[in-house]
Structures are given as C-alpha cells and as structure tokens.
Amino acid sequence: MSELLFPPGLLLIFGALLMPLGQHVRNGLIFGLPVLCLILIWSAPVGYVVTLPFLGFELEPIRITTMGRLFATVFSLMVLVGGIFAYKQASTLELSAAFAYAGSAIGVTLSGDLITLFIFWEIMAIGSTLVIWAARHEGAYRASVRYLMVHLLGGLLLMIGIAGHVVDTGSIRFEALSLESISQYLILAGFLINAGAPPLSAWIADAYPEASPSGSVFLSAFTTKTAVFTLLIAFPGTWLLIPIGIYMIFYGIIYALLENDMRRILAYSIVNQVGFMVTGIGLGTEMALNGAAAHAFAHIIYKALLLMSAGAVLYRTGKRRCTDLGGLFQTMPWTATLGIIGALAISSFPFTSGFVTKSMIAQSAADQHLIYVWFALAAASAGVFLHAGIKFPWFVFFQKDSGMRPPEAPRNMLLAMTVFAVFCIGLGVYPEPLYAILPFAVTYEPYTAAHLVAQFQLLLFAGLAFFVMLPMMKRTLTISLDFDWFYRKLLYATATTISNRTASISNVFSNSTQHAWKSFQTGFQRTRVSQYHLADNWPTGSMVLWIGVILGGYLLVDIYF
Amino acid sequence: MSEQTQDQNRRWLLRKENIRTLWVIFIAVLIVTVIAGLFVHQHVHFGIEDSFGFFAWYGFITCVGMVVFAKILGIFLKRPEDYYDTNSDKGSNKDAIS
C-alpha cells in the first residue's frame, strides 16, 4: 500500500493555481489532475486516516470512508469530463476556479473532522462564486453576489454550530450527530442551505443559469451534492428531513413548470432531485441511504449531461429562453440525442441510471409503510418526467421551428456528452459496479416485471398528460417570485427607505449642531477671554507635538526617579 | 409554393401526417402498458397499487394536477422578466466580455 499523505482535494486546488501558467500547462493539468486524484483516492483502503495536530485538536485531513470515496470518485469523474467539455471554450479563470471548487468538494468528502470540513466548505463557496464571475456579464456578477451572501450565511451558521458542538461535546469528529442542542440544529441548517432546502432554495435557480455554458455544468455538480454527502454522514434517519425533502421535490417541479429559461428549468430540477436524496436520508434505512448515495452519483452524471446539452445550445445560439428556441434537432441532432438520454435518465426511465438508483428510495418508503411518502414519491417521479424529462428537450429541440440553424456542438463538447451518456445507459443496464461501491450491501433488484410495468405506466401517462396539457404549458416571458423576493425587493426597499430617512435626520441634526457651534463661536469671539493665546485655534500638529513632549516628560521622570 | 409541397420539404418529424402516426403509436404503447399490468402482480404494500392500471391513472392525474396547480400559482407568482433588474441580461449572453 502506498502512503497517501496529501489530501487529493488539495492537489486539485494547488493544481488550479498553476493553470494560468500557459495553454499547455493548463491542458495538461485539466486531464492529468482528475486522473491522479482518482488514483490517490483509490490508493488507500477504507478506514485509512491521516492525523494532524492543530491548536490542541487532532485534525483528520484524510479519512477514507465508503461514502466519502463514492462521492470523491464521482466528483473527480465530473471534473475530468467537465474539463473535456470546457477546455476549448472556457476562460482560464473559469477552469481554475472550477478545479479549485471541485478540489474543495473532494476535500469535504474525505475530511474526518469538522474543522477540516469547514475550511474546505468555505473554499467551495469562493471557488463557485469565481466560476459564476467567469461569465463576465453584469447579470452574472449581481447573481454571484447574492449567491455568495447566501453561502456566507450558511457558512456562518455552520461555524457557530461547529463551535458550539465542540464546546458541548469536546469532539471535532465528523460523524453521525444527534439533534440534542441548538448547535446541531445550526450545523444541520448550514448543510441544508447548501442543499437548496427551503426557505433559501432560490439561490440555485438564481445563480447557476447566469454562469457561462460550461460554468453551470460545474456548478450543478458539487455544492448541493456535497451537502447531500454531509447530511448522509451527520444526520441519517432524521425524520425532519423527510418533509423538507418532499417540499423540495415539489418546489422543483412546480417552479420548473412555470419557467421559461432552459437552464433555469434544469436548475429547479436540481432542487427536485436533491429533494429525493434528502427524503432518502430522512428515511434512514440502509437501502434508503444506499439509494440516496447512488442517486447522487447518477444525478451528477445525468444533470451534467443535461446542462452540457443546454450549454452547447446556448454556446451555438446565444439564446436561453424556451420562447426563442425550438426545432434545433434539425441541425444539432447529436446534442439533441445526447440531451434526450440525460432527460430519460433523470426521469428514471428503465435501462437508464436513474431507474436503478431512485427506486431504492421509494422502495424503502414502502418497506417502512410510510404511505404518504410513497404516494408523494410516485407522483414526483411522474412529475420529473413532466418538468425535465419532456419539457426540456421538447421546448429546446422540437416545439416549433425557431428558424435557427446553428451548427452542431464543437467536437470536445460532443465527446464529453457522449462519455456521460454512455455512463447513463451503462449504469442503467449494468448497475453492479455502482452497487458494489455503495456504503451498504445491496439486496435490491430493480429489474422485476412489476417494477418495469409500473414505471412505464407512470412515465408514459405523464407524457400523455404533458401533450394533452400542452396548450396550458405555453411559455411566457416571465420569471417567478420566490423567497428571494424578501431580500431582493422587501429588504432592499426597507434599506433604501431607512437610509433615506436617516440621511434626512442626520442632515437636520448636523445642520442644527453646526448652527449651534457657529453661534457659540461668534458669541465667544465677543468676550474678552478670546483675546488670550490659549483660546486660539491650534493646528493639530502642534497639539500632537505637545502631547509628545508631555509623554516624553513622563518617560524621563519614570526612568530617572 | 403551395402548402403541400412546403410540408413535403420539411423534416420527417415536422410533417403533419407523421405527427398523427406518432400519436397512434404512442396511444398503442400506452394501451400495451396497461394490458401488461394485468399479467404482473404488484407487490402490495398499501392495497391500492394492484388496482387496474393504478400507475397509469395515478401518473396521469397527478401530472394534470401539478400542471393546473402550477398554472394557478403562476397567476400570483409570475412577474415580467425585468422585475428585479431592468438591465439584467435575461435573454442572451451577448454582453459577455471574453
């Protein structure tokens, strides 16, 4: 066994800093780093720990667990294929930011203590914000500042929670926590904010679609899934997560149905998919946790594939609204086909990756006899097909003929999409390798006749509903209000009003004090006292000089007497 | 150019008669899945899953419900695109500086 001493996440972060050194260095790093990272992750066995004493604590910058290794593996894979997608078109700033972002996400998945986790957590917020900045337009900048605010708030809650937890228990170990005091609730809140849980879900759909075509591909993968990972480790079986997850599932569907921007539809569906995982974590049985972890793995791949196809369309057409798009299958057939494979996978169509992972979560709800949860999950599966599985490809590639005849996506983009499409189908047909690296032994068999029939009925009739209801789904040039209204409108209006009021109050105040001071001065000038030297206006310099003289005098007195 | 020849020049998927064919195939597939449901036995947890075509009608009804619910919610939630920011770049990335 080789000695793994250097955290694989830091490797990507330091490598990212070398990317501006030149085109060749950059391209070498894009392909070399993720591969090296994968090798490092798999070079050490489960249970391997590196400790580092720090301020009286034993940090564990590396702790290999089955769960952490699963997430670190898919993150490395994501950054490799994302790099292939992006390396010709994206700026160096975006690529280095994306690699540092991915590295910090991997750092979180392999950290054994809460302090290491927190450090990587914050680097993640910075890296992702830089990825949004790399789009270099006004809308992206504004969205990124809102994004950063939400994540700094989340980080703050997490830090307070960790500090309180360490004081309470004396332990910094990152392990299953019980919700005993406010500290653990704050840690949970910090994790949930990054997962896109209510009420602060709006940041995903606000910020991700403002990034560049490749930027949103990177963004979709890491933040929310790192949050899923931390919830899996720290709060498995917390019942509170079930209603939160179900809310997220339906929030994603409903808002995606209302949305016109193609990448924002996909951003809402991230919340929807993470909702399935959060519900699974709340259910907390071995099968549910396996399902949540496996679903995160599959989700990263098909969601990246979907955003890649949307990114290729944006790159070729410069359009992002469904109302401007349509009919693109004619000149971008490969992008359309690969995008549809991603759409089928997100809908858990049989023989795609979603089918073999998501159904584990629903099955564990049935096994626990949670009838409402099971019914909600079944309806939601149909709803996913409705809002992402059909809506996205239909409005972008078919719908009406928009008249646009953009060329097919660049070759590197097609290659990246093909790799992920192969994964989507490969894992669906042959899930055993994925099942083998899950944290618990898998006893689940997805391909039964009953399950296949049920899923085909559910999805195809959801498809029927889509086409029957198509007149009601006509896209409009609108956005939808969300919780961010409170900080983008209400807080802004309140702050403006308050600052205007205080400005006028302070004007009145300073005018009156100035007036009083002036009348005092004129009154003073008239008296005889004003004739003396001490009553003059002194320059500040002379005051400083005299204070120096006095202090020097004290010093001399102190030394000699 | 008459409408018919224009229709002939279009892609296979965009021609009217083919869309009708696709609908026929789609409905046939739907019927097949419902019939197939008669021959498999769902593992019953709650009693209702084994009723006739349960997943078909449940999927259809819940989806119609979600679309209608979204439509109603849209009355209250939808705002013009420049609601938050009149200068924002919602339509395209034409302002991108590279």
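Whatever comes next refers back to the structure up there.
This structure is a prediction, so every number in the text was calculated from the model and none was measured.

Engineer: Run through the overall build of chain A, naming residues and quoting values.
Structural biologist: In terms of regular secondary structure, chain A is built from 20 helices and three strands. Dimensions of chain A, computed from the C-alpha atoms along their principal axes, are close to 105 × 60 × 55 Å. The 561 residues of chain A split such that 60% are buried. Partitioning the contacts of chain A with sequence separation of at least 6, the portion at a separation of at least 24 is 82%. Total accessible area computed for chain A in this model is approximately 21,900 Å², and 70% of it derives from carbon and sulfur atoms. For chain A, the distance from the average position of its 29 positive side-chain charges to the average position of its 25 negative side-chain charges is 15 Å.

Engineer: Outline the interface of chain B and chain A, supporting the account with residue identities and numerical values.
Structural biologist: A common way to express how large an interface is: the accessible area buried when the components associate. Facing the 53 residues of chain B at the interface are 62 residues of chain A. Of the roughly 5,500 Å² buried where chain B meets chain A, counting both sides, 72% is carbon and sulfur surface. Along the contact surface separating chain B from chain A lie one salt bridge. In this structure, the salt-bridge partner of B:Glu81 is A:Arg321, at a minimum N-O distance of 2.7 Å. Counting every contact that joins chain B to chain A gives 13 residue pairs in polar contact (both at pLDDT 80 or more). Breaking the side of chain B that touches chain A down by element, the ones donating at least two residues are helix 2 (16-39), helix 3 (54-77) and strand 1 (78-80) of chain B. For the side of chain B that touches chain A, the leading source of residues is helix 3 of chain B, giving 19 residues. Class assignment of the residues belonging to the side of chain B that touches chain A gives a composition of 31 nonpolar, twelve polar and ten charged. Bridge count between strand 3 (residues 478-480) of chain A and strand 1 of chain B: three bridges; the pairing is antiparallel. Among the inter-strand pairings, A:Ser480 is bridged to a residue of strand 1 of chain B, identified as B:Lys78.

Engineer: Tell me about the pattern of salt bridges, residues and numbers included.
Structural biologist: Residue and element names in this part refer to chain A. For the structure shown, the criterion picks out twelve salt bridges over all chains. A salt bridge links Arg173 to Glu175, with the shortest nitrogen-to-oxygen separation between them at 3.4 Å. Of the residues examined, Arg173 reaches a relative accessible area of 36% and is grouped as partly exposed. Between Arg264 and Glu210 there is a salt bridge, with the nearest N and O atoms lying 3.2 Å from each other. Of the two residues, Arg264 is situated in helix 11 (residues 262-283) and Glu210 in the loop between helix 8 (202-207) and helix 9 (215-234); the sequence distance between them amounts to 54 residues. Both residues of the pair, Arg264 and Glu210, count as buried.

Engineer: Give me the lowdown on unusual backbone geometry, citing residues and values where you can.
Structural biologist: Residues and elements named next belong to chain A. Note that the residue after Pro198, namely Pro199, is joined by a cis bond; omega there is 0°. The topology assignment puts Pro199 in the loop between helix 7 (182-195) and helix 8. You will see that Ser348, though not glycine, has its phi angle at about 55°, which is positive. Of note, Ser348 is situated in the loop between helix 13 (333-346) and helix 14 (353-367). Relative accessible area serves as the criterion here: at 2%, Ser348 is assigned to the buried category.

Engineer: Give a description of the packing of helix 12 (residues 286-317) of chain A against helix 16 (residues 411-429) of chain A that names residues and reports values.
Structural biologist: Residue and element names in this part refer to chain A. Interaxial distance between helix 12 and helix 16 falls to 9 Å at its minimum, and their mutual angle equals 150°. With respect to helix 16, the element helix 12 is oriented roughly antiparallel. For helix 12 against helix 16, the interelement crossing comes out left-handed. Contacts between helix 12 and helix 16 pair Phe297, Ile301, Tyr302, Ala304, Leu305, Met308, Ser309, Ala312 and Tyr315 from the former with Met413, Ala416, Met417, Phe420, Ala421, Phe423, Cys424 and Leu427 from the latter. Of the residues in the contact of helix 12 with helix 16, the class split is 16 nonpolar, one polar and no charged.

Engineer: Kindly report on the side chain of A:Asn194, identifying the contributing residues and their values.
Structural biologist: Mapped onto the secondary structure, A:Asn194 falls in helix 7. Apart from the residues within four sequence positions on either side, A:Asn194 is in contact with A:Trp121, A:Met124, A:His151, A:Trp203, A:Thr223, A:Thr224 and A:Ala227.

Engineer: An account of the packing of aromatic side chains is needed here, citing residue identities and associated values.
Structural biologist: Inspection of the entire model under this criterion finds 44 aromatic pairs over all chains. Residues A:Trp394 and A:Phe398 carry aromatic rings whose centres are separated by 6.4 Å and whose planes lie at 25° to one another, so their mutual orientation is stacked. A:Trp394 gets classed as partly exposed once you look at its relative accessible area, which sits at 22%. Feature note: the residues A:Phe329, A:Trp394, A:Phe395, A:Phe398, A:Phe466, A:Phe467, B:Trp23 and B:Phe26 constitute an aromatic cluster, connected by ring pairs. A:Arg488 extends its terminal NZ or CZ atom over the ring of B:Tyr84, reaching a point 3.8 Å from the ring centre. We note B:Arg79 situated over the ring of B:Tyr83; from NZ or CZ to the ring centre the distance is 5.7 Å.

What counts, and where the lines are drawn
Residues numbered from 1 in each chain as written. Chains lettered and ligands numbered in written order. Predicted model: local features only at pLDDT ≥ 70, side-chain atom pairs only at ≥ 80, totals over all residues. Heavy atoms only, no water. Helix = DSSP H or I, 4+ residues; strand = E, 2+ residues; numbered from the N terminus. Buried < 20%, exposed > 50% of the residue type's maximum accessible area, 1.4 Å probe, protein only. Contact = heavy atoms within 4.5 Å. Areas by Shrake-Rupley, 256 points an atom, 1.4 Å probe, with all protein chains shown as cover. Lys, Arg positive; Asp, Glu negative; His and termini not counted. Charge placed at Lys NZ, Arg CZ, Asp CG, Glu CD. Buried area = accessible area lost by both parts, 1.4 Å probe. Salt bridge = Lys/Arg side-chain N within 4 Å of Asp/Glu carboxyl O. Polar contact = N/O pair within 3.5 Å; in protein donor to acceptor, adjacent residues only side chain to side chain. Nonpolar A, V, L, I, M, F, W, Y, C, P; charged D, E, K, R; others polar. Pairing = 2+ DSSP bridges. Axes fitted to C-alpha atoms, helices over the stretch in contact; angles between N-to-C directions. Parallel < 35°, antiparallel > 145°, perpendicular 65-115°, else oblique. Left-handed = near helix turned anticlockwise from the far one by under 90°. Phe/Tyr/Trp six-rings, centres within 6.5 Å; stacked < 30°, edge-to-face > 60°. Lys NZ or Arg CZ within 6 Å of the ring centre and 35° of its normal.

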